[in-house]
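Given next are the chains, with one letter for each unit.
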Amino acid sequence: MLDPYLPLVLMFALAAAFALFSVTAAPYIGPRRYNKAKLDAYECGIEPSPQPVVGGGRMPVAYYLTAMLFILFDIEMVFLYPFAVSADRLGLFGLVEIALFVATVGFAYAYVWRRGGLDWN
């Protein structure tokens with residue numbers, strides 16, 4: 001009865017064994033030549049600054065807003081894709097539901113746009 005799942009279970013077991021081996025063996029196998037350059041933060045090839053220039057040591061909120069907006073609209077696509085695949089089987093009910101969903105996300109987009117969340121100044 002569970003024979004079809006055996007390859008999947010074996011693959012997960014192999015992946016877990018490989019991950020466990022990699023994590024435990026890395027400190028023993030890896031190089032131990034540390035220097036200041038390897039321990040510093042990498043900022044696109046320039047000398048790293050001790051603090052962000054804007055905000056006196058704090059990251060600007062615009063970065064977080066942009067990330068949250070990306071997640072919002074990315075998740076919208078995750079919900080729109082299954083509808084696109086099975087639109088013919090859902091019929092009018094599915095069309096109304098997806099229209100309400102897109103309208104809700106559209107209102108959120110308009111709200112963020114009106115509040116200036118998309119301005120990068």
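Parameters at a glance
Residues numbered from 1 in each chain as written. Predicted model: local features only at pLDDT ≥ 70, side-chain atom pairs only at ≥ 80, totals over all residues. Heavy atoms only, no water. Helix = DSSP H or I, 4+ residues; strand = E, 2+ residues; numbered from the N terminus. Expected span 1.5 Å × (residues − 1). Bend = angle between axes of the 7 residues up to and from the residue. Buried < 20%, exposed > 50% of the residue type's maximum accessible area, 1.4 Å probe, protein only. Contact = heavy atoms within 4.5 Å. Phe/Tyr/Trp six-rings, centres within 6.5 Å; stacked < 30°, edge-to-face > 60°. UniProt positions renumbered as here; feature names shortened; annotations may be inferred. Axes fitted to C-alpha atoms, helices over the stretch in contact; angles between N-to-C directions. Parallel < 35°, antiparallel > 145°, perpendicular 65-115°, else oblique. Left-handed = near helix turned anticlockwise from the far one by under 90°. Nonpolar A, V, L, I, M, F, W, Y, C, P; charged D, E, K, R; others polar.

### Examining helix H4 (residues 87-115)
Now for step 1: Across its 29 residues, H4 extends only 34 Å between first and last C-alpha, which sits more than 12% below the 42 Å expected from 1.5 Å per residue.
Now for step 2: Along H4, the largest kink reaches about 75 degrees and is centred on Phe93.
Now for step 3: Within the sequence span of H4, burial applies to Gly94, Ile98, Val105 and Val112.
Now for step 4: Looking at the buried residues of H4, the elements they touch are helix H3 (61-85).
Now for step 5: Positive phi appears at Gly116, one or two residues downstream of H4, with a value of about 90 degrees.

### Brief notes about the packing of aromatic side chains
Now for step 1: If you walk through the whole model with that rule in mind, you get 3 aromatic pairs.
Now for step 2: Centre to centre, the rings of Phe73 and Tyr109 are 5.6 Å apart; their planes meet at 80 degrees, and the pair counts as edge-to-face. Placement of Phe73 in helix H3 and of Tyr109 in helix H4 is noted, with a sequence separation of 36 residues between them.
Now for step 3: Aromatic side chains Phe79 and Phe101 sit 5.8 Å apart centroid to centroid with 75 degrees between the ring planes, which places their arrangement in the edge-to-face category. Taken as a pair, Phe79 in helix H3 and Phe101 in helix H4 lie far apart in primary sequence, 22 residues in all.
Now for step 4: According to the relative accessible area criterion, Phe101 is partly exposed, its value standing at 26%.
Now for step 5: Feature note: the residues Phe73, Tyr109 and Trp113 constitute an aromatic cluster, connected by ring pairs.

### Focus on H3
Now for step 1: With 25 residues, H3 should cover 36 Å at 1.5 Å per step; its first-to-last C-alpha distance of 37 Å lies within 8% of that length.
Now for step 2: Every buried residue belonging to H3 is among Leu69, Glu76, Leu80 and Phe83, and all of these are buried.
Now for step 3: Looking at the buried residues of H3, the elements they touch are H4.

### What to know about the UniProt feature "transmembrane region" (unreviewed entry) in the protein chain
Now for step 1: The sites that carry the UniProt feature "transmembrane region" (unreviewed entry) are, in the present numbering, residues 61-83 and 90-112.
Now for step 2: Helix makes up 100% of residues 61-83 and strand 0%, and the two end C-alpha atoms of the span are 34 Å apart.
Now for step 3: Helix makes up 100% of residues 90-112 and strand makes up 0%, while its end C-alpha atoms are separated by 31 Å.

### Regarding the packing of H3 against H4
Now for step 1: Two elements in contact, H3 and H4, have axes separated by 10 Å at closest approach and are oriented at 170 degrees. Here H4 runs roughly antiparallel to H3, going by the angle between their axes. In the crossing of H3 with H4, the sense of the turn from one axis to the other is left-handed. Residue-level contacts link Leu69, Leu72, Phe73, Glu76, Phe79, Leu80, Phe83, Ala84 and Val85 of H3 to Ala87, Asp88, Leu90, Gly94, Leu95, Ile98, Phe101, Val102, Val105, Ala108, Tyr109 and Val112 of H4.
Now for step 2: Per-class residue counts for the contact of H3 with H4 are 18 nonpolar, 1 polar and 2 charged.

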